[in-house]
There are 4 protein chains.
Amino acid sequence: MIKVGIIGATGYAGGELVRLLLGHKEAEIKWYGSRSYIDKKYYEVYQNMFQIVDEKCMDDNMEALADQVDVVFTATPQGLCASLVSEEILSKVKVIDLSADFRIKNVKTYEEWYKIEHKAPQFIDEAVYGLCEINREQIKKARLIANPGCYPTCSTLSIYPLLKEGMIDPDTIIIDAKSGTSGAGRGAKLDNLYCEVNENIKAYGVATHRHTPEIEEQLGYAAGKEIRLNFTPHLVPMNRGILITAYASLLRDVTYEEVRAAYDKYYEKERFVRVLDKDVTPQTKWVEGSNYVDVNFKIDPRTKRVIMMGAMDNLVKGAAGQAVQNMNLMFGLNEAEGLAQVPMFP
Amino acid sequence: MIKVGIIGATGYAGGELVRLLLGHKEAEIKWYGSRSYIDKKYYEVYQNMFQIVDEKCMDDNMEALADQVDVVFTATPQGLCASLVSEEILSKVKVIDLSADFRIKNVKTYEEWYKIEHKAPQFIDEAVYGLCEINREQIKKARLIANPGCYPTCSTLSIYPLLKEGMIDPDTIIIDAKSGTSGAGRGAKLDNLYCEVNENIKAYGVATHRHTPEIEEQLGYAAGKEIRLNFTPHLVPMNRGILITAYASLLRDVTYEEVRAAYDKYYEKERFVRVLDKDVTPQTKWVEGSNYVDVNFKIDPRTKRVIMMGAMDNLVKGAAGQAVQNMNLMFGLNEAEGLAQVPMFP
Amino acid sequence: MIKVGIIGATGYAGGELVRLLLGHKEAEIKWYGSRSYIDKKYYEVYQNMFQIVDEKCMDDNMEALADQVDVVFTATPQGLCASLVSEEILSKVKVIDLSADFRIKNVKTYEEWYKIEHKAPQFIDEAVYGLCEINREQIKKARLIANPGCYPTCSTLSIYPLLKEGMIDPDTIIIDAKSGTSGAGRGAKLDNLYCEVNENIKAYGVATHRHTPEIEEQLGYAAGKEIRLNFTPHLVPMNRGILITAYASLLRDVTYEEVRAAYDKYYEKERFVRVLDKDVTPQTKWVEGSNYVDVNFKIDPRTKRVIMMGAMDNLVKGAAGQAVQNMNLMFGLNEAEGLAQVPMFP
Amino acid sequence: MIKVGIIGATGYAGGELVRLLLGHKEAEIKWYGSRSYIDKKYYEVYQNMFQIVDEKCMDDNMEALADQVDVVFTATPQGLCASLVSEEILSKVKVIDLSADFRIKNVKTYEEWYKIEHKAPQFIDEAVYGLCEINREQIKKARLIANPGCYPTCSTLSIYPLLKEGMIDPDTIIIDAKSGTSGAGRGAKLDNLYCEVNENIKAYGVATHRHTPEIEEQLGYAAGKEIRLNFTPHLVPMNRGILITAYASLLRDVTYEEVRAAYDKYYEKERFVRVLDKDVTPQTKWVEGSNYVDVNFKIDPRTKRVIMMGAMDNLVKGAAGQAVQNMNLMFGLNEAEGLAQVPMFP
């Protein structure tokens, strides 16, 4: 039985981690960390857990945790995980960081986009970017995982095959993304009130969103060169789900079958990436509550562009689910353990 | 491995049965019945099932089914199940009917409220009303289960202890119920269009809803006499969830502890009924996707009434989940098998 | 041209007042009071007002206001208005208070339910309860209006005729109310976050909600005696709208026509109360954005009760619209001026 | 008083026309045409109109209408208006067609995208594309108006200035659009059921949506040459509102002030197009219920692209509101008559 500690267990991603790990046969949560709710029963924060979780919330004590558990998930604001890890910690416990601290290899880029000084740049190189379908082998050996951002996961998986296969022009990529509101977190902010979000849609962070360099880095690896792209997220009146609609110019005439073959090459054997049938567009509702990413594409011969689409649950494959998938890989378990949820509809 | 057939697999309750049974370790779906979609792949009707279910939809053939499976779930319009069962069928296969055909013992009452002639009145007496927490022992021995309606399940469980313990006046019961829109089914009706339901709330079936006699019968058993009550359902702009708010006059002065003890007497050992802590009101979101019913109450000393509240997921405990719970009981399995889902929040 | 000042112009009710007054031909807003946003452009708080309102928010200065305007609306937290009025103020300016400060004639009752000391009890007797359809003549002569609460407006108008006509037993009244989330205000609280409210319904303030004594007082006038009733509000995932479903025992056998005649007696000539056709149930969407209250009823001969229903927009007839209606009456204008909005659907 | 007839008065756009015209001081609706509801009271179809509209629905009789009214609005499926107009009709009555029949000058393009034979190609040249801000002078003199599509209105107005001023490369335009569900109409289709749309987002009509050639034609006029672009609409779980996010490569280095000046050049004096302040992104909620289009832009120096954004209410400026605006221009009235609604928030 893997002993698990969670730092930041009372945010939406933390709550989802708890939901998933409670159904995991080989893991057991030993530490519900939440600085805001210390000594409060966890179920008082999340009443869905009533009579399921009886533990109290505890302080965020990485040292104590490292002695008591096998793996720590940090579902915390940017900067916190970097301030907590050390060689001693990593020698005792595996760390899966759901924040952005170790996602970007170039520390200067991180500091520019996040406006934070990085407290542990010495571990950036070692950290493995936990996009399981792309980096599976490195993840298995990692001590420190940078769990990918929600938008980067969906964007990268949707675009990766065509970039890797050289079918699209990396300089023409535009990603228009739409997210449910749980992505904004559980902080009590006016902008996230029901009446402000409901019956409304808006773009935010236009040309400045911090997931941009993360996507650029990952797609840059696929392209084999640095790339610059446009990424525009939108806030949608729904709880869960990310949909990305990406555009790129085709480098040559391609048939449906050729593009399809590119997707199949990378995803045919993947449990959690589903390449949909021709002309079926991904919908966030079809993956809700599950670890799936549904992808598909449409060639537009009129403009010689391809439209790439991907849908996933931002709290599962976009956060807690992928974190569990990473844990499974790191501990040599069945990669899908605890992640067999059938999407819930409606 | 229990072999399962579903007649009506493509309605919302049918789809939920599939979702739950796919996670059930001792059951296997052998027949996805759906007259409307014969020969169509099931996942084409519910894309969430893509790469999970590969079977095609089949006709609703009860005879063929009875030879091939151990249990048949009928998630079909009123009247269909009654027209399909016979002594021969019931001698071969167990039947769990999610429609109202066998819920009401008085056939005349059924025919008056449902405006249908009952095609198999000879089985009404034998049929067991599948409210597991109340009728557990009879369910274990049954061939034919009348799976309770969504509103009656939530209403009965919320009110039952106080009626049984003689604390409330049966002639004063008023049930004000609120349901998500999946309860209205997947039929393409103008009233259920997004723009008609969204940003709207209304009562419907006022003083005439067909779940009324079902609730009256069940609560009548608890009261030990015939009762008449008011039941008013409302349509709420959300997918899932039923909340009931029930009112009754107290027959004597009671303390919080006495009423609490009455609830505990019946539910303390129940896995799926959670009596919430004092002053915590049930919320539908806290049970979403799970088989839980959350109940609680509030004494109003000013009016000498008690307000009883219950929340559950109408598609799980209110339909497919309870049906699976019944199956587990009938086949001697762990009652909670396949029903361990932690409620999903948000 | 009536000069108008608003104290509390940036809450949801304040914003609605601005929307309605901008379309009023005989009123002009001279003062957008908002302590939280002093010196900020009003349209920066409410971007819908961009290029429509150019004024800045100002402090809440009742003295200055009284010298500059003809009427002051206070859309502020409980207790503030009472702390601002004085004989001098009321001799200079009419005050329409959207808070509860002057709604309840018994100061002890107010202080018990609101847990606030009343700062101006000497004006409680003078204040007129601004339920226009009931107190029209007194309103015309008032200096100080207690604008009714949202739930009390809808509850009272739905029940009043049958109580006044002696058709129902005052001791059996139960009011089950449902409200959109704008009723909770624009404060940044966790409970009102999109993800907490969406796909959810719950009761709150069960047996303790502060609108209870207000409803009891108003219905007591109709009954000609003190009454105690149950009032249970629920939070519904929608922006606007209140629906009330009220129950009471009939004191004698009545026909549809008799009950209908009772409603018509009071509302036939009312512009803003619509008694719907037989068996048409009120829906909040049918009155959205307008000053209408839609009411109807259903007799249940089985239980000898009547179910009374009412729907309105909580921000219009439930707050800002009724406040404008009161202003129109106080200044001898057409009662419907500025309130001719056709409900918006969908 | 202008006498108005509506053919197709019971769709969502038709209902919105009624709402707006009821508040129009110089127009009077004489004919509520609705083939589906002949002889039914209009308020029985739209209960918001109870006690406001007393007329019955009538058949779609263009000949009779032409003799009785001054202007006919056709809010009908594609092809119907073209089958009804004739020289005789147009000599008697002005026609404002809310369908696509006369929007596209190239009849072959129309027939290819709409898969319908055009029944009145002889009037295509005469018809004026009723985008008021662009074609105001021709509209004033027109007999037949092609009221623009919802997506084309928002897309064209958002992009027009930069194309006209030669700032962006016409071959790089990508339009990612998001619409509320009222755009899908009031037909009882499974895809538009509450439970299918709610908590979901998807793209549809990818690379094939019929508004594509309409947008290309209009932007082609601005560019002075034929253009091909990508247009991808998405269905959003909300009733009203369209948001477009458009991308194009800048043809040269530009400052914020230069781009802003381009927008101001065309829209500074426009009542219904609001160019927002720097870094304020358009939100559909800020224009709900009104005839406004809010536009803004963001320069991305990293990619040398500009992101252009626009938000409007699809049923107002995207349909009925613009139709009324066209009527006002055609009859020499104040262009904003009947369109002074302040956006409703929340």
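This text follows the structure it describes.
Residues numbered from 1 in each chain as written. Chains lettered and ligands numbered in written order. Predicted model: local features only at pLDDT ≥ 70, side-chain atom pairs only at ≥ 80, totals over all residues. Heavy atoms only, no water.

### Quick notes on the sheet that holds strand 12 (residues 293–300) of chain B
Residue and element names in this part refer to chain B. Cut-off, in case you're wondering: Pairing between strands is defined by DSSP: at least two bridges between the two strands are required. Helix and strand definitions follow DSSP, with helices as H or I runs of at least four residues and strands as E runs of at least two, each counted in order from the N terminus.
An order of 8-9-7-10-13-12-11 is seen for the 7 strands of this open sheet, with the pairing classed as mixed. Only two strands of the sheet have a single neighbouring strand rather than two, namely strand 8 (202–203) and strand 11 (273–275). Note: strand 8 against strand 9 (residues 230–235), 2 bridges, orientation antiparallel. Paired with Lys-202 across the two strands is Leu-235, which belongs to strand 9.

### Quick notes on the pattern of salt bridges
Side-chain pairs of opposite charge can arise where the charged atoms are in close proximity. Stated precisely, the cut-off is as follows: Here a salt bridge means any side-chain nitrogen of Lys or Arg lying within 4 Å of a carboxyl oxygen belonging to Asp or Glu. Residue burial is assigned from relative accessible area. The probe radius is 1.4 Å, only protein chains are included, and a residue is buried under 20% of its type maximum, exposed over 50%, and partly exposed in between.
Summed over the entire model, instances satisfying the criterion amount to 117 salt bridges over all chains. Between Glu216(B) and Arg302(C) there is a salt bridge, with the nearest N and O atoms lying 2.5 Å from each other. On the criterion of chain membership, the pair formed by Glu216(B) in helix 10 (residues 211–223) and Arg302(C) in the loop between strand 12 (293–300) and strand 13 (305–312) is interchain, its members lying in two chains. Taking the relative accessible area as the measure of exposure, Arg302(C) reaches 28% and is therefore partly exposed. In this structure, Arg143(C) engages Glu87(C) in a salt bridge whose closest nitrogen and oxygen atoms are separated by 3.0 Å. Of this pair, Arg143(C) sits in the loop between helix 7 (132–141) and strand 6 (144–146) while Glu87(C) sits in helix 5 (residues 87–92), and the two are 56 residues apart along the sequence. Overall, the relative accessible area of 22% leaves Arg143(C) in the partly exposed class. A cluster of three or more residues bridged by salt bridges with shared partners is formed by Glu16(A), Arg19(A), Arg240(A) and Asp313(A).

### Thoughts on the relation of the copies chain A and chain C
The cut-off we apply is this: The copies were overlaid with a least-squares fit restricted to C-alpha atoms from residues scoring a pLDDT of at least 70 in each copy. In what follows, residue pairs with any heavy atoms lying within 4.5 Å of each other are defined as contacts.
Once turned by 180 degrees and shifted 0.0 Å along the axis, chain A lies on chain C with an RMSD of 0.0 Å. Overall, the copies show the geometry of a two-fold rotation axis. Looking at chain A, 100% of its interface residues are interface residues in chain C too, so the copies touch through the same face.

### So, the interface of chain D and chain A
Which entries qualify depends on this criterion: When two components associate, each loses some accessible surface as probed by a 1.4 Å sphere; the sum of these losses over both components is called the buried area. In protein, a polar contact means a hydrogen-donor-capable atom and an acceptor-capable atom, both N or O and within 3.5 Å, with residues adjacent in sequence counting only if both atoms are side-chain atoms; elsewhere, any N or O pair within 3.5 Å suffices. Charged means Asp, Glu, Lys or Arg here, nonpolar means Ala, Val, Leu, Ile, Met, Phe, Trp, Tyr, Cys or Pro, and polar covers whatever is left, Gly included.
Each side of the interface is counted separately: chain D has 49 residues, and chain A has 49 residues. When chain D packs against chain A, close to 4,100 Å² is buried across both sides, 55% of that on carbon and sulfur atoms. In terms of surface lost to chain A, no three residues of chain D exceed Glu199(D), Ile201(D) and Arg302(D), which account for 17% of the buried area on that side. At the junction of chain D with chain A, the criterion picks out 32 residue pairs in polar contact (both at pLDDT 80 or more). Those elements that provide at least two residues to the side of chain D that touches chain A are strand 7 (174–179), helix 9 (194–197), strand 8 (202–203), helix 10 (211–223), strand 9 (230–235), strand 10 (242–249), strand 12 (293–300) and strand 13 (305–312) of chain D. The dominant element in the side of chain D that touches chain A, judged by the number of residues it contributes, is strand 7 of chain D, at 4 residues. Here the side of chain D that touches chain A is composed, by residue class, of 20 nonpolar, 14 polar and 15 charged.

### Focus on the relation of the copies chain D and chain A
For the match of chain D to chain A, the screw axis carries a shift of 0.0 Å, the RMSD comes to 0.0 Å, and the turn is 180 degrees. A high fraction, 100%, of the interface residues of chain D reappear at the interface in chain A, so the copies pair face to face through one surface.

### Here we look at unusual backbone geometry
Among all residues except glycine, the phi angle is most often negative; among peptide bonds, the trans geometry is most common. Backbone torsion omega between Phe345(B) and Pro346(B) reads -5 degrees, so that peptide bond is classified as cis. Looking at where Pro346(B) falls in the secondary structure, it is placed in the segment after helix 12 (316–330). We note that Asp39(A) has phi near 75 degrees; this positive angle belongs to a residue other than glycine. Residue placement: Asp39(A) occurs in the loop between strand 2 (27–33) and helix 2 (42–45).

### Regarding helix 7 (residues 132–141) of chain A
Listing the buried residues of helix 7 of chain A in full gives Cys132(A), Glu133(A), Asn135(A), Arg136(A) and Ile139(A). As for helix 7 of chain A, its buried residues are in contact with strand 5 (128–129), strand 6 (144–146), helix 8 (150–164), strand 11 (273–275) and helix 12 (316–330) of chain A.

### Section: the packing of helix 8 of chain A against helix 10 (residues 211–223) of chain A
All names here are of chain A. As a reminder, the rule being used: With axes taken as lines fitted to C-alpha atoms, and helix axes fitted only over the stretch in contact, angles between N-to-C directions fall between 0 and 180 degrees. Note on terminology: angles under 35 degrees are roughly parallel, angles over 145 are roughly antiparallel, angles of 65 to 115 are roughly perpendicular, and the others are oblique. Crossing handedness follows the turn of the near helix against the far one: under a right angle anticlockwise gives a left-handed crossing, and clockwise gives a right-handed one.
Across the interface, helix 8 lies against helix 10 with an axial gap of 9 Å and an inter-helix angle of 25 degrees. One finds that helix 8 runs roughly parallel with respect to helix 10. In the crossing of helix 8 with helix 10, the sense of the turn from one axis to the other is right-handed. Counting all contacts with helix 8, which are made through Cys-150, Tyr-151, Pro-152, Ser-155, Thr-156, Ile-159, Tyr-160, Leu-163 and Lys-164, the residues of helix 10 involved are His-211, Glu-214, Ile-215, Gln-218, Leu-219, Ala-222 and Ala-223.

### Section: the packing of aromatic side chains
We count it as follows: Centre distance within 6.5 Å is the pairing criterion for rings of Phe, Tyr and Trp, where only the six-membered ring of Trp is used; planes under 30 degrees apart are then read as stacked, over 60 as edge-to-face, and the remainder as tilted. Here, over-ring charges are defined by two tests on the NZ atom of lysine or the CZ atom of arginine: distance to the ring centre within 6 Å, and angle to the ring normal within 35 degrees.
Under the counting rule described, the total for this entry stands at 54 aromatic pairs over all chains. Centroid distance Tyr151(A) to Phe231(A): 5.0 Å. Interplanar angle 65 degrees. Geometry classified as edge-to-face. With Tyr151(A) in helix 8 and Phe231(A) in strand 9 (residues 230–235), this pair connects stretches of sequence that are 80 residues apart. As far as burial versus exposure is concerned, Tyr151(A) and Phe231(A) are alike and both buried. Seen in terms of ring centroids, Phe345(C) and Tyr12(D) are 6.3 Å apart; in terms of plane orientation they differ by 55 degrees. Their pairing is tilted. Of the two residues, Phe345(C) is situated in the segment after helix 12 (316–330) and Tyr12(D) in helix 1 (residues 12–21); the pairing between them involves two chains. Every member of this aromatic cluster is reached through a ring pair, and the members are Tyr12(A), Tyr32(A), Tyr42(A), Tyr46(A), Trp286(B) and Phe345(B). Against the face of Phe331(A) rests Lys94(A), its NZ or CZ located 5.7 Å from the ring centre.

### Concerning the environment of Ile201(B)
Within the secondary structure layout, Ile201(B) lies in the loop between helix 9 (194–197) and strand 8. For Ile201(B), a relative accessible area of 0% translates into the label buried. Distance from Ile201(B) to Gly11(B), taken between C-alpha atoms, is 23 Å for residues 190 residues apart in sequence. The residues touching Ile201(B), leaving out its near neighbours within four places in the chain, are His234(B), Leu235(B), Val236(B), Lys178(C), Val236(C), Met238(C), Leu243(C), Pro282(C), Gln283(C) and Thr284(C).

### Details of the sheet that holds strand 5 (residues 128–129) of chain B
Residues and elements named next belong to chain B. Spatially, the 6 strands line up as an open sheet ordered 2-1-3-4-6-5, and their pairing is parallel. Strands at the two margins of the open sheet, each flanked by one partner only, are strand 2 (27–33) and strand 5. Sheet topology note: the strand 1 (residues 2–7)/strand 3 (residues 71–74) ladder contains 4 bridges and is parallel. Opposite Ile-6, over in strand 3, you have Phe-73 as the bridge partner.

Any functional reading would require information beyond the geometric quantities listed.
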